Amino acid sequence: MAELAIRALGLTRAFTTVRALDDLNIDVPAGSVFGFLGPNGAGKTTTIRLLLGLIEPTSGSAHVLGFDTRTQGAEIRARTGALLEHSGLYERLSAEDNLRFYGRVAHMPKAQLDQRIQELLTHLGLWDRRKEAVVKWSRGMKQKLAIARPLLHRPGLVFLDEPTAGLDPVAAASLRDDLAALATRQGATIFLTTHNMAEAEKLCSLVAVIRQGKLLAVGSPAGLRSRGGGQRTEIAGRGFSDAMLAALRQQADVSQALVENGRLVLVLKDGAGVAPFISLIVREGGEVQEVRSGQGSLEDVFLTLMEEEK
Amino acid sequence: MNADFVTVLWKEWKEIVLERSTGSTGSFRPLILIAVFGIFVPLRMGPERFFSTAGLLFPTFFSTIVITTVIADSFAGERERHTLETLLASRLSDRSILFGKIAACMAYGWLISISCILAGAVTVNIVNWHGQILMFHDAASWLLLLLGPPLLGGAVAAAGVLVSLHSTTVRQAQQTLSVAIAVVFIGAIFGSSMLPMEWKTWFARILVTWSQAELVLAAAGVLLAIDLALLAAGMARFQRARLVLD
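Residues numbered from 1 in each chain as written. Chains lettered and ligands numbered in written order. Predicted model: local features only at pLDDT ≥ 70, side-chain atom pairs only at ≥ 80, totals over all residues. Heavy atoms only, no water.

Caption draft 1: Highlighting the nonpolar core. The biggest cluster of nonpolar side chains holds 70 residues, and the ones touching the most others in it are Ile6(A), Phe159(A) and Phe191(A). Ranked by residues supplied to this core, first place goes to helix α6 (residues 94–127) of chain B with 9 residues. With residues up to four places along the chain from it excluded, the contact list for Ile6(A) reads Ile26(A), Asp27(A), Val28(A), Leu51(A), His63(A), Val64(A), Leu157(A), Phe159(A) and Phe191(A). (Core = buried A, V, L, I, M, F, W, Y, C linked by side-chain atoms within 4.5 Å. Buried < 20%, exposed > 50% of the residue type's maximum accessible area, 1.4 Å probe, protein only. Helix = DSSP H or I, 4+ residues; strand = E, 2+ residues; numbered from the N terminus. Contact = heavy atoms within 4.5 Å.)

Caption draft 2: Looking closely at the environment of Leu165(B). Residue and element names in this part refer to chain B. Tracing the backbone through its elements, the reader meets leucine 165 in helix α7 (residues 139–165). C-alpha separation for the pair leucine 165 and arginine 242, spaced 77 residues apart in sequence, amounts to 9.8 Å. Once residues within four sequence positions are removed from consideration, leucine 165 is found in contact with Phe75, Arg79, Gly234, Arg237, Phe238, Leu243 and Asp246.

Caption draft 3: Here's a closer look at the packing of aromatic side chains. Evaluation of the coordinates by the stated rule reveals 14 aromatic pairs over all chains. With 5.2 Å between their ring centres and 45° between their planes, Phe36(A) and Phe191(A) make a pair best called tilted. Placement of Phe36(A) in strand β3 (residues 33–37) and of Phe191(A) in strand β8 (residues 189–194) is noted, with a sequence separation of 155 residues between them. With relative accessibility at 0%, the residue Phe36(A) sits in the buried group. A relative accessible area of 0% places Phe191(A) in the buried class. Each residue in the set Phe34(A), Phe36(A), Phe159(A) and Phe191(A) is aromatic and connected to the rest through ring pairs, giving one cluster. In this structure, Arg149(A) packs its charged tip against the face of Tyr102(A), placed 5.1 Å from the ring centre. Sitting above the plane of the Phe75(B) ring, Lys101(B) keeps its charged end 5.1 Å from the centroid. (Phe/Tyr/Trp six-rings, centres within 6.5 Å; stacked < 30°, edge-to-face > 60°. Lys NZ or Arg CZ within 6 Å of the ring centre and 35° of its normal.)

Caption draft 4: Examining the packing of helix α9 (residues 242–249) of chain A against helix α10 (residues 275–283) of chain A more closely. Residues and elements named next belong to chain A. Their axes nearest at 10 Å, the elements α9 and α10 cross at an angle of 150°. Classified by the interaxial angle, the pair formed by α9 and α10 is roughly antiparallel. Handedness of the α9/α10 crossing: right-handed. Here Met244, Ala247 and Leu248 of α9 lie close against α10, whose contacting residues are Phe277, Leu280 and Ile281. (Axes fitted to C-alpha atoms, helices over the stretch in contact; angles between N-to-C directions. Parallel < 35°, antiparallel > 145°, perpendicular 65-115°, else oblique. Left-handed = near helix turned anticlockwise from the far one by under 90°.)

Caption draft 5: Just the interface of chain A and chain B, in detail. Counting residues at the interface gives 25 residues for chain A and 27 residues for chain B. Counting the surface lost from both chain A and chain B, the interface buries some 2700 Å², and carbon and sulfur atoms represent 63% of this. The largest share of the area that chain A buries against chain B comes from Tyr90(A), Arg92(A) and Arg104(A), three residues that together contribute 27% of it. Seen at the junction of chain A and chain B, the total is 4 salt bridges. Its salt-bridge partner being Arg92(A), residue Glu15(B) comes within 3.8 Å of it at the nearest N-O pair. Counting only elements with at least two residues in the side of chain A that touches chain B, the list comes to α2 (73–79) and α3 (95–105) of chain A. By residue number, the principal contributor to the side of chain A that touches chain B is α3(A), which donates 6 residues. (Buried area = accessible area lost by both parts, 1.4 Å probe. Salt bridge = Lys/Arg side-chain N within 4 Å of Asp/Glu carboxyl O.)

Pasting the structure below:
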C-alpha cells in the first residue's frame, strides 16, 4: 500500500444544530493531488480545519503525515502549508514581506528564503512588483501570491481551499496552470477543495465527493466518470416540459434529466440505449431535432450524485 | 519561542507603522502627536512642572492612549481582514502570537511617549536656556520614566488583547476597551472617595511616611501584579478552536 499523507477514520464534527462532517473515511496517498469536491456548506472547510488540528472532531480520528490531529496539531501545522477560505495576506505589507513573514515563521534560513521568494515570485510573474503593498494588486495577483505562501517552505502537504474561487476564467486558468506546474515540480501532496469540476479533472489524481458532511464517492476522475457518470445525451428540440422531465426521471436507466441552455440533457446508466427515451419525449409532446451522445464528464457525475442524495 | 516571538513582533511592528503612515496625513501622523504633546504641551507646562514626577504622569497616560488605539487591532483587525485563521494555521505557538502582538503595541506606545518626553526636554531647555541643562532631578521621576510606560502600557495592552480576542470588529474592540478604561478610572476616583473615613485616614497615614520613589515603586508592584494577571487571563482565553470558529 502506498504511503499515506492523510488517513481519516469515521471523522465526525457536529456543531450545535448541524453535523458539518459525518463519518468521513478517506485515505490520501503521499504525492497525490487529492480533490475534495462538494457544494457550498458541504463540510470541506471543516474537514481542512480538522485535518490541521485547529478544531477537534466530535468523534473518529485522523492522522496527517503520521500525526494525530487531536494531540499533535502543532506538528502537523509545522509540516504543512495551507491556503484557507480567504487569502490570508497582509494587504498593508508588500508581497515580499508577506512571504518573508511566513518564511521566518517556518524557520527558513535567510539565504534560502531570499532564493525561494525570488523563485516563486518570478515563476508567478510577480517579481517586478514585489515591493508594492498587496492592497494595490488585482484579485488574480493576490490569489497567485496567496498560493505561493503555503508552498514557500516546501511542505510535504499543502491544503488549498478553493484556490480559484472568485477569479475570472482567464485568471483561474492561468492560476491552474501555475498550480499544476508547481505541484509537479515540488512533488508535494495537495489536498484541494473545489466546486469547479474542470479544475478537479485537470489537477487531481484522486477525487472525493462530499455533500452535507457525508462522503458520497471517492476514486480517480476517470474511475468516477465510468462508474457514475454513464452516458451523456444532449437533445436539441422544443417542448421540453416539466411533466416530461418528471416522466424521464422516473425511468430506471435515467440518472439525470434536466434542461440546460435550451437543450434536454439526459445522463443514462451504462449500457442503456437512448431510443426508448426519444419515443417517450415525442409521446409527451416534445420535438427532437438533434441527438448527441458521449461519455459523461466529472461534472455530470457530481450532479448525478447530488441528485441521488436529495 | 524566541525566534517566533521576534517574527510576530516584526510583522506587527511593520503593520502598525504602515497603518499609521498611510492616508492623506500619511507619515506626518506620529509627527503631529510629537509636535502637540512633545512641544506645545511642555511649553505650556514650563520647566518646573515638566521636570517633575507629576509632570511625567501625563506622557505615561498618553502612551496608554496610543496603545489603546493599536491593541484593539491585534486580533479583531486580523479577524476583520480575514488573516487570523491563516495565522492560526501556521506553526506559531499561542504564546509567540500573543506576546509578539502585545510587545509590538507596547513598543509603539513607549516609543511615542519617549519621543514626546525627549522633544519636551529639548523644547523646555531651549526656551529656558540659562547655560545649564535642565533635567529630571529626583529618583521618583526616573523610576516613573523607566517603569511607568511599560507597566501601565502592559496592563492596557494585555487588557486590550483580551477584548480584541473576542471582538468581531476593530471598532467594537476600541469602544469596549475605551469604556472599560473609563470605568476603571472613574470607578477608582469615586470608589476612593466613598471609602470610610477611618480607612482613608489609615491609608493617608501610611502614604505620608513614604517617599515619592517608594510610592512609585509600590504602584509599579501593583501594576506588575495586574499585568501578570491580565497576561494569564489572555493566555487562558487564547484558544485556537474558539478563535477559528468565532
